[in-house]
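# Working through the structure, step by step
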Amino acid sequence: MNAAQTRAVKAHPNHYDAIVVGAGVAGLYTLYHLRAAGKKVICLEAGGGVAGTWYWNRYPGARVDSQAYIYQYFFSQEVLNEWDWGELFPAQPETERYLNFVTDKCDLRKDIRFNTHVDSAVYDEATQTWQIATANGERYETKYFVGCVGMLSAALKDPCPGREHFKGLVCHTSAWPHAPVDFTGKRVGVVGTGATGIQVIQTVAPLCRHLTVFQRTPQYSIPMRNPKLTAEDNAAYRRNAEAMRKRVRETFAGFHTDLQTGNYWDRPPEERNKFLEQMWAEGSLCFVAANYAEVFIDEKVNAEVTAFVTGKMRKRINNPELEAKLIPTTYGFGTRRVPLDTGYLETYHRDNVDLVDVSTDSVAQITENGLRLASGREYPLDILVFATGFDGGSGAFTRIDIRGRDGQTLKDYWDKDLRTTLGLQVHGFPNFFTTGAPLAPSAAFCNMQTCLCQQADWIIDTIKYLDDHGLHSIEPTAEYEAAWVAQHDAIANSTLFPRTKSWYMGTNVDGKTRRLVTYLGGDVAYQQACNEAKESGYQGFVLT
Ligand code: NAP
């Protein structure tokens, strides 16, 4: 510690070695490990409880779409021994309970300040500390500022004005009321048919009087196979946990299965079809994560797989008028996040469900009694649900007033160009670390649990390294950051992803810099890049 830092520690009653913002999957993991390393660390959490995504997104039907045995933590044998999963793809309440269980088992709650929204974080160059201010007027100071604020937590709320006039209930899926919402006898409207909207629609349709779905872009969807898990299943997961812990770090997308090796066209047509049928029967994202990489690179392969998927969808829809509305035609399979569904397409066979195309006649106004489109057509509703998505990757950071060296704000920096170093640090922001940030592997093409824990590991190791070597700060150089961005872009541009509009590319947020938010070189290559940075003594970073 230098003299200025020593003075800061003495002067500030709320001085910490590290402050972790966010008590979701990454934040809890980081808090646990930094504390285990002997750091004075605290976690500031805007919500009233732990679990991040699984605390906020308590909408009906919310469910994880990675298998429970790879969405769990592997770091605590006690947790592995004592927790039993009920379903292969657990619903929100079970996932939230699990993260609370981990929190209590690891005694993390005492180091989390709930209902504490971080408004600003300003780097003070003189003391090499971050000065953090919260909405409830508290002030904190820390050497290391670790943002685990969630890749998909900055909600894009009302897509049109008028909320204040609506007589019924209106809410975004990520700000769902904690008290149960009764849909009985209600006319419900859902705007948005992404992974979230699909879960809401298929769940609410049988509960309400009438459901109107306002769809702008249809989705490819895979039917989820979600068996209940037995004691034997859980015992098997436990026995296999050590192998699984290693396995998820060895695959492209952090799953237990990996992309196919070899060339798609080397297989004759009937074998290709057999392969796709086998993958489809899994009823999971393996159809994406264990498919051929060419699906996402080669237009012709993508077209064949898209035709396979739309064939499956047609069989389920079995109605030409609905097929025309529900089958995507403007983008290829997998270039947007593919949802898993449970009877989603069949929901439109119900008499109480209507599908309204808002691609040309857009949602324009929330009225006293419902929702009005640009054409003037109005839909009377009692409950209006916005499943309209998030400012992915960057939004949760830029909504905090983060200022680095020379007063540079992160928002300005990213408004000019969305750039990070390994998705873990940003040039100009010393001792600021991020998980779930742009240009690292993420939800767009990764089992989130794997990539978040891997990113947190790098941050934890780096903090230990700095402290063990008596260092005060770390910051990537502009050159190293530029090299990472260039590598990221080269990979992204060799794929089909940038051609499709979605949150992956930031096209869902007006004015957002267009860049694929997720790193597509694969988790293994990414891990290698992170390890090289560490093992080289942080070449490409300035250490003071
Ligand atoms: P999303 O994929 O961005 O979908 C938002 C939906 O809202 C889209 O259908 C979008 O239409 C529509 N929309 C937005 N603004 C609109 C407007 N003004 N008028 C009409 N429609 C509008 O968001 P999401 O469904 O919340 O999912 C985000 C991500 O969260 C997913 O991709 C996934 O990574 C994650 N997620 C995971 C799970 C899980 O693990 N089970 C569940 C839910 C979500 P356009 O497509 O035309 O823009």
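Quick notes on the rules
- Residues numbered from 1 in each chain as written.
- Predicted model: local features only at pLDDT ≥ 70, side-chain atom pairs only at ≥ 80, totals over all residues.
- Heavy atoms only, no water.
- Axes fitted to C-alpha atoms, helices over the stretch in contact; angles between N-to-C directions.
- Helix = DSSP H or I, 4+ residues; strand = E, 2+ residues; numbered from the N terminus.
- Left-handed = near helix turned anticlockwise from the far one by under 90°.
- Contact = heavy atoms within 4.5 Å.
- Nonpolar A, V, L, I, M, F, W, Y, C, P; charged D, E, K, R; others polar.
- Near = heavy atom within 4 Å.
- Polar contact = N/O pair within 3.5 Å; in protein donor to acceptor, adjacent residues only side chain to side chain.
- 1 Å grid on protein atoms, 1.4 Å probe; cavity = no way out; pocket = protein on both sides within 12 Å on 5 of 7 lines; lining within 4 Å.
- Points joined across faces, edges and corners; volume = space filled by probe spheres on them.
- Pairing = 2+ DSSP bridges.
- Core = buried A, V, L, I, M, F, W, Y, C linked by side-chain atoms within 4.5 Å.
- Buried < 20%, exposed > 50% of the residue type's maximum accessible area, 1.4 Å probe, protein only.
- Salt bridge = Lys/Arg side-chain N within 4 Å of Asp/Glu carboxyl O.
- pLDDT = per-residue confidence, 0-100.
- Phe/Tyr/Trp six-rings, centres within 6.5 Å; stacked < 30°, edge-to-face > 60°.
- Expected span 1.5 Å × (residues − 1).

## Observations regarding the packing of helix α2 (residues 25–36) against helix α16 (residues 448–468)
Interhelical geometry of α2 versus α16 gives an angle of 30° and a closest axis separation of 9 Å. Here α2 runs over α16; the crossing is right-handed. Residues Val-25, Ala-26, Tyr-29, Thr-30, His-33 and Leu-34 of α2 form the contact with α16, whose own contacting residues are Gln-449, Leu-452, Cys-453, Ala-456, Asp-457, Ile-460 and Ile-463. Split into classes, the residues belonging to the contact of α2 with α16 amount to nine nonpolar, three polar and one charged.

## Some details on the site of the ligand
Neighbouring the ligand are 25 residues, the closest being Arg-63, Asp-65, Thr-196, Thr-217 and Arg-336. At 2.5 Å, a side-chain N or O of Thr-217 approaches an oxygen atom of the ligand. When residues in the shell around the ligand are grouped by element, the largest group, three residues, is from helix α7 (residues 195–204). Each residue belonging to the shell around the ligand can be placed in one class, and the counts come to twelve nonpolar, eight polar and five charged.

## Some words on the layout of surface pockets
A volume near 280 Å³ is recorded for the second largest pocket. Lining the second largest pocket are 17 residues, and of these Arg-58, Tyr-59, Pro-60, Gly-61 and Trp-176 sit closest to its centre. For the lining of the second largest pocket, the per-class residue count stands at twelve nonpolar, three polar and two charged.

## Description of the pairing of strand β4 (residues 118–124)
Direction of pairing for β4 relative to strand β5 (residues 129–134): antiparallel, over a ladder of six bridges. Considered in β5, the bridge of Asp-124 is made with Thr-129. In textbook terms, the turn of a hairpin is the stretch between consecutive antiparallel strands, and for β4 and β5 this stretch comprises four residues, one of which, Gln-128, has a positive phi near 50°. Examined bridge by bridge, β4 and strand β17 (residues 401–403) share three bridges and lie parallel to one another.

## With respect to the side chain of Lys-512
Along the chain, Lys-512 falls in the loop between α17 (478–493) and α18 (523–535). Setting aside residues up to four positions removed in sequence, Lys-512 forms contacts with Asp-391, Gly-392, Ser-394, Leu-418, Gly-506 and Val-517.

## Some remarks on the sheet that holds strand β8 (residues 187–191)
Spatially, the five strands line up as an open sheet ordered β7-β16-β8-β9-β12, and their pairing is parallel. Each having just a single partner strand, β7 (169–172) and β12 (353–357) make up the two edges of the open sheet. Neighbour-to-neighbour, the strand axes of this sheet turn through a mean angle of 15°, independent of strand direction. Note that strand β9 (residues 210–215) and β12 share five bridges and pair parallel. Bridged to Val-213 within β12 is Leu-355.

## So, the nonpolar core
Here is a general trend for soluble globular proteins: nonpolar side chains tend to be buried in one another's company. If you look at the biggest cluster of nonpolar residues, it comprises 164 residues, and the most contacted ones within it are Phe-287, Phe-333 and Ile-402. No other element matches the ten residues that α16 contributes to this core. Discounting chain neighbours no more than four positions away, the residues touching Phe-333 are Tyr-220, Ile-222, Phe-287, Val-288, Val-295, Asn-302, Val-305, Thr-306, Val-309 and Val-338. Among the nonpolar cores identified, the runner-up in size contains 15 residues, and Cys-160, Phe-214, Val-363 and Leu-381 belong to it.

## Some thoughts on the pattern of salt bridges
If you walk through the whole model with that rule in mind, you get 37 salt bridges. One salt bridge connects Asp-391 with Lys-512, and the closest N-O pair in it is separated by 2.7 Å. Here Lys-512 lies in the loop between α17 and α18 and Asp-391 lies in the loop between β16 (383–386) and α14 (395–398), a separation of 121 residues in the sequence. Both residues of the pair, Asp-391 and Lys-512, belong to the buried class.

## Section: the confidence of the model for the protein
Looking at the protein, pLDDT values average 97 and 98% of them are 70 or higher. The secondary structure element of the protein with the lowest average pLDDT is helix α1 (residues 3–11), at 59, and the one with the highest is strand β18 (residues 432–434), at 99.

## Notes on the environment of Arg-405
Note on placement: Arg-405 falls in the loop between β17 and α15 (410–416). Judged by its relative accessible area of 25%, Arg-405 is partly exposed. With 58 residues separating them along the chain, Arg-405 and Thr-347 place their C-alpha atoms 53 Å apart. Filtering out sequence-adjacent residues up to four positions away, Arg-405 remains in contact with Tyr-123, Glu-125, His-427, Gly-428, Pro-430 and Glu-475. Among the polar contacts listed, one links the side chain of Arg-405 to the side chain of Glu-475, at a separation of 2.5 Å.

## Description of the packing of aromatic side chains
Summed over all chains, the structure comprises 49 aromatic pairs. Ring centres 5.1 Å apart and planes at 65° place the aromatic pair Tyr-73 and Phe-75 in the edge-to-face group. The class for Tyr-73 is buried, based on a relative accessible area of 2%. Residue class for Phe-75 comes out partly exposed when judged on its relative accessible area of 22%. Relative to Phe-308, the ring of Phe-287 has its centre 5.9 Å away and its plane inclined at 15°; by these criteria the two rings are stacked. One end of the pair, Phe-287, is in helix α10 (residues 286–289); the other, Phe-308, is in helix α11 (residues 299–317), and 21 residues separate them in sequence. Like Phe-287, the residue Phe-308 is buried in the burial classification.

## Some words on α11
For the α-helix, the turn length of 3.6 residues means that residues three or four positions removed from each other point alike. Given a rise of 1.5 Å per residue, 19 residues ought to cover 27 Å, and the 26 Å separating the end C-alpha atoms of α11 matches this to within 8%. Those residues of α11 that fall on the buried side of the exposure criterion are Val-301, Asn-302, Val-305, Thr-306, Phe-308, Val-309, Thr-310, Lys-312, Met-313, Arg-316 and Ile-317. In this fold, the buried residues of α11 make contact with β10 (222–223), α9 (269–282), α10, α12 (320–326), β11 (340–341) and α13 (344–347). Where α11 begins, one side-chain oxygen reaches toward the backbone nitrogen of Lys-300, 2.8 Å away; that side chain belongs to Asp-298. Note on α11: the residue one or two positions beyond its end, Asn-318, has a positive phi of about 50°.

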